[in-house]
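Fold and contact review
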Protein chains: 2
Amino acid sequence: MNSGAAPSPAKRGRGEKSSPTIYDIARLAGVNPSTVSRALSKPGRVSAKTQKIIEDAAEQLNYQVNPFARALPTGRTQTIGLIVADITNPTFFDIIRGAETTGSARDYTLVLAESAESPETELTAARRMLSTVDGLILASPRMDDERIRALAADKPVVVINREIEGVPCVVPDVNKGISQAVRSLAANGHQQLAYVAGPAQSWMSRRRWEGVQAACDWYKLAAVRLESSKPTVDGGRQVARDVLASGATAVITYNDLLAIGLMQELQAAGMHVPDQISIVGFDDIFGADFTTPALSTVRSPLGECGSRAATLLLDMLLGQEGPAEAVRVDTELVVRGSSGRLIA
Amino acid sequence: MNSGAAPSPAKRGRGEKSSPTIYDIARLAGVNPSTVSRALSKPGRVSAKTQKIIEDAAEQLNYQVNPFARALPTGRTQTIGLIVADITNPTFFDIIRGAETTGSARDYTLVLAESAESPETELTAARRMLSTVDGLILASPRMDDERIRALAADKPVVVINREIEGVPCVVPDVNKGISQAVRSLAANGHQQLAYVAGPAQSWMSRRRWEGVQAACDWYKLAAVRLESSKPTVDGGRQVARDVLASGATAVITYNDLLAIGLMQELQAAGMHVPDQISIVGFDDIFGADFTTPALSTVRSPLGECGSRAATLLLDMLLGQEGPAEAVRVDTELVVRGSSGRLIA
DNA sequence: ATCAAACTGTCAACCGGTTGCCAACTATTG
DNA sequence: CAATAGTTGGCAACCGGTTGACAGTTTGAT
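Residues numbered from 1 in each chain as written. Chains lettered and ligands numbered in written order. Predicted model: local features only at pLDDT ≥ 70, side-chain atom pairs only at ≥ 80, totals over all residues. Heavy atoms only, no water.

**Some details on the protein's contact with DNA strand C**
Within the structure, DNA strand C sits among 30 residues, and Asn-32 and Thr-50 of chain A together with Arg-38, Lys-42 and Arg-70 of chain B are positioned closest to it. Here DNA strand C approaches the protein such that, of its atoms within 4 Å, sugar and phosphate make up 55%. For DNA strand C, a phosphate oxygen lies 2.7 Å from a polar atom in the backbone of Asn-32 of chain A. Contact distances for DNA strand C include 2.8 Å between a sugar or linking oxygen and a side-chain N or O atom of Tyr-63 of chain B. Broken down by element, the residue count for the surface near DNA strand C peaks at 5 residues, all from helix α4 (residues 67–74) of chain B. In terms of residue class, the surface near DNA strand C is built from 11 nonpolar, 11 polar and 8 charged. (Near = heavy atom within 4 Å. Polar contact = N/O pair within 3.5 Å; in protein donor to acceptor, adjacent residues only side chain to side chain. Helix = DSSP H or I, 4+ residues; strand = E, 2+ residues; numbered from the N terminus. Nonpolar A, V, L, I, M, F, W, Y, C, P; charged D, E, K, R; others polar.)

**With respect to the environment of Gln-191 of chain A**
Residues and elements named next belong to chain A. Position of Gln-191 among the secondary structure elements: in the loop between α8 (174–187) and β6 (192–196). Gln-191 sits in the exposed class, given a relative accessible area of 59%. Residues Gln-191 and Cys-216, spaced 25 residues apart in sequence, show a C-alpha to C-alpha distance of 9.1 Å. (Buried < 20%, exposed > 50% of the residue type's maximum accessible area, 1.4 Å probe, protein only.)

**Observations regarding empty space enclosed by the protein**
Within this structure, the stated rule accounts for 2 cavities of 30 Å³ or more. Space inside the largest cavity adds up to approximately 40 Å³. Lining the largest cavity are Ile-87, Phe-93 and Ile-96 of chain A together with Ile-87, Phe-93 and Ile-96 of chain B. Of all the secondary-structure elements, those providing two or more residues to the lining of the largest cavity are α5 (90–105) of chain A together with α5 (90–105) of chain B. Taken together, the residues of the lining of the largest cavity break down into 6 nonpolar, no polar and no charged. There is about 30 Å³ of room inside the second largest cavity. What lines the second largest cavity is simply Glu-163, Val-171, Pro-172, Asp-173, Val-174, Trp-203, Met-204, Arg-207 and Arg-328 of chain A. When residues of the lining of the second largest cavity are traced back to their parent elements, those giving at least two are β5 (169–173) and α9 (203–219) of chain A. Broken down by class, the residue content of the lining of the second largest cavity amounts to 5 nonpolar, no polar and 4 charged. Structurally, the lining of the second largest cavity is a two-domain feature, drawing no fewer than three residues from each of domain 2 (79–172 + 303–329) and domain 3 (173–301) of chain A. (1 Å grid on protein atoms, 1.4 Å probe; cavity = no way out; pocket = protein on both sides within 12 Å on 5 of 7 lines; lining within 4 Å. Points joined across faces, edges and corners; volume = space filled by probe spheres on them. Domains from an automatic or database assignment.)

**Some points on the domain arrangement of chain A**
Residue and element names in this part refer to chain A. On domain assignment, one finds that chain A holds domain 1 (1–65), domain 2 (79–172 + 303–329) and domain 3 (173–301). One C-alpha centre belongs to domain 2, the other to domain 3, and the line joining them spans 28 Å. With 12 residues of domain 2 at the contact, the number on the domain 3 side is 10 residues. Linking domain 2 with domain 3 are 0 salt bridges. For the pair domain 2 and domain 3, the interface holds 6 residue pairs in polar contact (both at pLDDT 80 or more). Elements that contribute at least two residues to the side of domain 2 that touches domain 3 include exactly α5, β5, α12 (302–317) and β11 (327–330). (Contact = heavy atoms within 4.5 Å. Salt bridge = Lys/Arg side-chain N within 4 Å of Asp/Glu carboxyl O.)

**A short note on the relation of the copies chain B and chain A**
Its rotation angle being 180 degrees, the transformation that places chain B on chain A also includes 0.1 Å of axial translation and leaves an RMSD of 0.2 Å. Put plainly, the chains are arranged around a two-fold axis. (Least-squares fit on C-alpha atoms with pLDDT ≥ 70 in both.)

**Some words on the interface of chain B and chain A**
Much of the literature gives interface size as the accessible area that the parts lose upon coming together. Each side of the interface is counted separately: chain B has 58 residues, and chain A has 57 residues. Both sides of the chain B and chain A interface together cover about 4700 Å² of buried area, and 58% of this is carbon and sulfur. On inspection of chain B and its partner chain A, the count reaches 2 salt bridges. Between Asp-107 of chain A and Arg-128 of chain B there is a salt bridge, and its shortest N-O distance comes to 3.8 Å. Applying the counting criterion to the chain B and chain A interface returns 6 residue pairs in polar contact (both at pLDDT 80 or more). Put simply, the parts of the chain that give the side of chain B that touches chain A at least two residues each are α4, α5, β2 (109–114), α6 (119–130), α7 (145–154), α11 (256–268) and α12 (302–317) of chain B. (Buried area = accessible area lost by both parts, 1.4 Å probe.)

**Re the sheet that holds β6 of chain A**
Residues and elements named next belong to chain A. Spatially, β7-β6-β8-β9-β10-β12 is the arrangement adopted by the 6 strands of the open sheet, whose pairing is mixed. The open sheet has two edge strands, β7 (222–226) and β12 (332–334), and neither has a second partner. Strand-to-strand twist in this sheet, taken as the mean axis angle between neighbours without regard to direction, amounts to 25 degrees. In this fold α8 packs onto β6, β8 (250–253), β9 (278–283), β10 (296–299) and β12, with an angle of close to 45 degrees to the strand it touches most, β12. Running over the sheet, helix α10 (residues 233–246) touches β6, β7 and β8 and is turned about 155 degrees from β7. (Pairing = 2+ DSSP bridges. Axes fitted to C-alpha atoms, helices over the stretch in contact; angles between N-to-C directions.)

**A short note on the protein's contact with DNA strand D**
Surveying the vicinity of DNA strand D reveals 30 residues, the closest of which are Arg-38, Lys-42 and Arg-70 of chain A together with Asn-32 and Thr-50 of chain B. The sugar-phosphate portion of DNA strand D accounts for 53% of its atoms within 4 Å of the protein, the bases making up the rest. The contact in question runs from a phosphate oxygen of DNA strand D to an N or O atom on the backbone of Asn-32 of chain B, over 2.6 Å. At a separation of 2.7 Å, a phosphate oxygen of DNA strand D approaches a polar side-chain atom of Thr-35 of chain B.

**Observations concerning unusual backbone geometry**
The linkage connecting Thr-292 of chain A with the following residue, Pro-293 of chain A, adopts the cis geometry, with an omega of -10 degrees. Mapped onto the secondary structure, Pro-293 of chain A falls in the loop between β9 and β10. With an omega dihedral of 10 degrees, the bond running from Val-273 of chain B to Pro-274 of chain B counts as a cis peptide bond. Mapped onto the elements, Pro-274 of chain B comes out in the loop between α11 and β9 (278–283). For Asn-62 of chain A, which is not a glycine, the phi torsion comes out positive at approximately 60 degrees. Along the polypeptide, Asn-62 of chain A turns up in the loop between α3 (48–61) and α4 (67–74). With relative accessibility at 51%, the residue Asn-62 of chain A sits in the exposed group. Positive phi, normally seen in glycine, also occurs at Gln-78 of chain A, with a value near 60 degrees. By secondary structure assignment, the location of Gln-78 of chain A is in the loop between α4 and β1 (79–84). On the accessibility criterion, Gln-78 of chain A (33% relative accessible area) is partly exposed.

Below is the structure:
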């Protein structure tokens, strides 16, 4: 309607020809619009003969349903929403991809929004989305449990990377990967380990630290926790000094970015990785194998998380109950070059 | 409908309470629904007094418009679509982010789809999307020009990374970055340069090769073109043999992934980068600085492309004409460690 | 041949906003 | 105080599908 100069009353933005409707089909096929509607969406409700006539007519007109017209009375939109904390963060790339792929395989479209790490933005985005999508996936949400439960009471919601009582969740089970990592480090002669933590409010960071502590207990390593300023390459560089000061010969970081920054800084300071210090990251993000040595890391199957979450959500939309407890996907240690035998 | 166990007649999937409508507000405020509609969307059409009453009522009921109901008569959806060739490819991450960010800044929601590098999937996705969004961004489309023009005739379309006559496009202007790269290589004593090409059907790959040829002409370098099997790290590894055989001491690759694979393979074969051979990638993707040495690369401002494309699209939705010719964004050489003086 | 059960297609009432048109109600001015 | 212009709110008709109720048509069994 607003194509430049003329504010013409045409309803389609461009090229006047608005798309054909079921009424057009009905006229062409010589039946009632409602019959067309049934033919196109309720298999078996109309006779094979009329069905054929209608399908041909639809074909001929190149008909496509108007999703809004359909959504209005039914409330179904064939869309799922995904809110991620930070689009810049490679951790989410795989989640996005996983969700998009399984979504579109089942004819659902993905709607994406970012919360920019802010609980308020997140809530706003979630609220806005909730009215336009059939269900919502929250990846590493920053809101408090209560708000999330409130959203979940309204429409199906699945959470990734966090466990919330009463809301279906998909979380990597870090224990397996962490124990593999700690065992491998112990076997390579390490006795002092440092964990470089992520953001204070991160559920996952706490969780990983607990896992590290437990594994170190079991394998008889000393573990210290170091704080990072931010979970980025830069944050990793900054924490290098503390790592050195801690006397640890093995480091597990909250995520790969930290590990990469840390490794760069330690190497710049003349340390040899892994002979003098072993570094194990977390997540196995894109690019983790670009470094020299390539980064050893505990792989979180992020893509699988995204796709499992989407599957869960889609099943819930079909009327299934969400799982009572969190779905756990296994993590595993990927040994590359940055961890190995300690050469004292 | 198919809500699993309980085929209740409730229209909302969950929690019975469907959200308040303008009719509810109208009743509460004691006015006609149409007045409510006007108060909420046409500023100035109703008196300040009624406006206030209605807004209060809306506030009280916690009203939110139903986007579908609004979209039905107006055709406007406050949504823009983005189709990328491959969600896995980091090149697109920045584009997605750029588009999402500027989109949401202007209250538009981003709908994402992937074409999996297939022209057919792409067309299907585009068609499906076109009916649900106000405008569409195509990033590195694989369809032929004709189809894209057909889509563009229907609704506003902006293309990224390709130039199509008659369709608004945003493309990185590779010439600047390429000449910087070639000049820098020439200055460092290189005389033989190889270009590792991307997919045969890629418009961008051809374009970059042309740029390389032109720059090499100017700076008096010999340039050969080598084919890669696929534009990935693995493809880069595979092409290493040809690179060596070509006798070139400087390489520019179609993208960073190829450069990284190539560098890894050459280093594994005992070559020293950049003393014996210089490598310059393309795009400056996430992770390009994770390598040792960090990758020199011609940066394409992908994020800016995404955001420019979104801006263009949004402006077109406001009635502006699309630009007659392609919008070019500058590329620039980022010198890191992988290119430098040739030590013969 | 008769009658009930099973199919099929049609009618009409929604879903929740938007908007052209008109009437009633100010406000301004002569 | 009347006439005119400008506001403001209401009515009703859409947008394009979906769906419950119903009637006409088959089909099958008795």
